[in-house]
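# Observations on the model geometry
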Amino acid sequence: QKEVEQNSGPLSVPEGAIASLNCTYSDRVSQSFFWYRQYSGKSPELIMSIYSNGDKEDGRFTAQLNKASQYVSLLIRDSQPSDSATYLCAVNDHNQGGKLIFGQGTELSVKP
Amino acid sequence: DTAVSQTPKYLVTQMGNDKSIKCEQNLGHDTMYWYKQDSKKFLKIMFSYNNKELIINETVPNRFSPKSPDKAHLNLHINSLELGDSAVYFCASSRDRGPNQAFFGQGTRLTVV
């Protein structure tokens, strides 16, 4: 069974700090990786996608991918209370096109 | 304009009933999905259609039947509802069946009593 694993949290950080969210996956040939943010009672919203090893930055968000270690992470700089949400890591199943396999999500709480 | 819209947003029904959830996307995407999110927030795919063709059919009870009248619509019909069917059901779409990002609808919270 292909899996994506995340720490469920909650991860609590003070406002202004860096929040670090981690994800590991079991399918070595996975090629596409996504981070979704889900506020309570809302739908998942894509915030980052990454396809190659290294870092990808978008504003306060940085995604990091290490395919050799089968590890993808999301860093949120200058965390804000509005960043408080559940962050879902998702990996494409390469055998089934657009199918996304999700981790169980990490709940982030940013304290003012 | 809402990109992926599903109705209803909330659905409360009794065990044994049959219900449908509708989904429409106006993004011009070829591929649509149904995902189920359980009480622990775990999101898992159920079905996927590409241009009205079923391409992903996960291990779900055959009481669940998707229908895609055209590539902009994907409905989910559930027969003989059970308590364990209570969850949030999300419709999503993506440009094509390749590995690209999915856009989610607002979800339908189904409660079976």
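It should be noted that the structure appears before, not after, this text.
### Looking at the interface of chain B and chain A
Taken residue by residue, the interface counts 20 residues in chain B and 20 residues in chain A. Taking both sides of the interface into account, the surface hidden between chain B and chain A amounts to around 1,700 Å²; carbon and sulfur atoms contribute 54%. Between the two partners, chain B and chain A, sit one salt bridge. Counting the contacts that link chain B with chain A gives five residue pairs in polar contact (both at pLDDT 80 or more). In terms of residue count, the dominant contributor to the side of chain B that touches chain A is strand E4 (residues 31–37) of chain B (three residues). Here the side of chain B that touches chain A is built from residues that sort into 10 nonpolar, six polar and four charged.

### Digging into the pairing of strand E3 (residues 19–25) of chain B
Pairing of strand E1 (residues 4–7) of chain B with E3 of chain B, which is carried by four bridges, proceeds in the antiparallel orientation. Each residue of the ladder has a partner; that of Ser5 of chain B, found in E3 of chain B, is Glu24 of chain B.

### Quick notes on the sheet that holds strand E8 (residues 73–78) of chain B
Residue and element names in this part refer to chain B. The four strands are arranged E1-E3-E8-E7 in an open sheet whose pairing can be described as antiparallel. Single-partner strands in this sheet number two, and they are E1 and strand E7 (64–70). Strand-to-strand twist in this sheet, taken as the mean axis angle between neighbours without regard to direction, amounts to 20°. When E7 meets E8, the two strands line up antiparallel, connected through five bridges. Counted as the bridge partner of Pro66 is Leu76 from E8.

Conventions used here
- Residue indices follow the written sequence of each chain, beginning from 1 at its first position.
- Whichever chain is written first is A, and whichever ligand is written first is 1; the rest continue in order.
- For a predicted model such as this one, the threshold for reporting local features is a pLDDT of at least 70, and the threshold for listing and counting side-chain atom pairs is 80 or more; totals across whole chains, interfaces and linings nevertheless cover every residue.
- Heavy atoms from the whole structure form the basis of all side-chain values; hydrogens and water molecules are not counted.
- Here a residue-residue contact requires only that any non-hydrogen atoms of the pair lie within 4.5 Å.
- Each of two parts loses accessible area, computed with a 1.4 Å probe, when they are put together; buried area is these two losses added.
- Within this document, salt bridges are pairs made up of a side-chain nitrogen of Lys or Arg and a carboxyl oxygen of Asp or Glu, the two lying within 4 Å of each other.
- Polar contacts here mean pairs of N or O atoms no more than 3.5 Å apart (in protein, one a potential hydrogen donor and the other a potential acceptor; neighbouring residues in sequence count only if both atoms are side-chain atoms).
- Secondary structure elements follow DSSP: runs of H or I of four or more residues count as helices, runs of E of two or more count as strands, with numbering from the N terminus.
- Each residue is assigned to one class: nonpolar for Ala, Val, Leu, Ile, Met, Phe, Trp, Tyr, Cys and Pro, charged for Asp, Glu, Lys and Arg, and polar for all the others, Gly among them.
- Only strands that DSSP links by at least two bridges are regarded as paired with each other.
- Helix axes use the C-alpha atoms of the stretch in contact, all axes being lines fitted to C-alpha atoms, and the angles between their N-to-C directions lie in the range 0 to 180 degrees.

These figures come from the coordinates and say nothing about function on their own.
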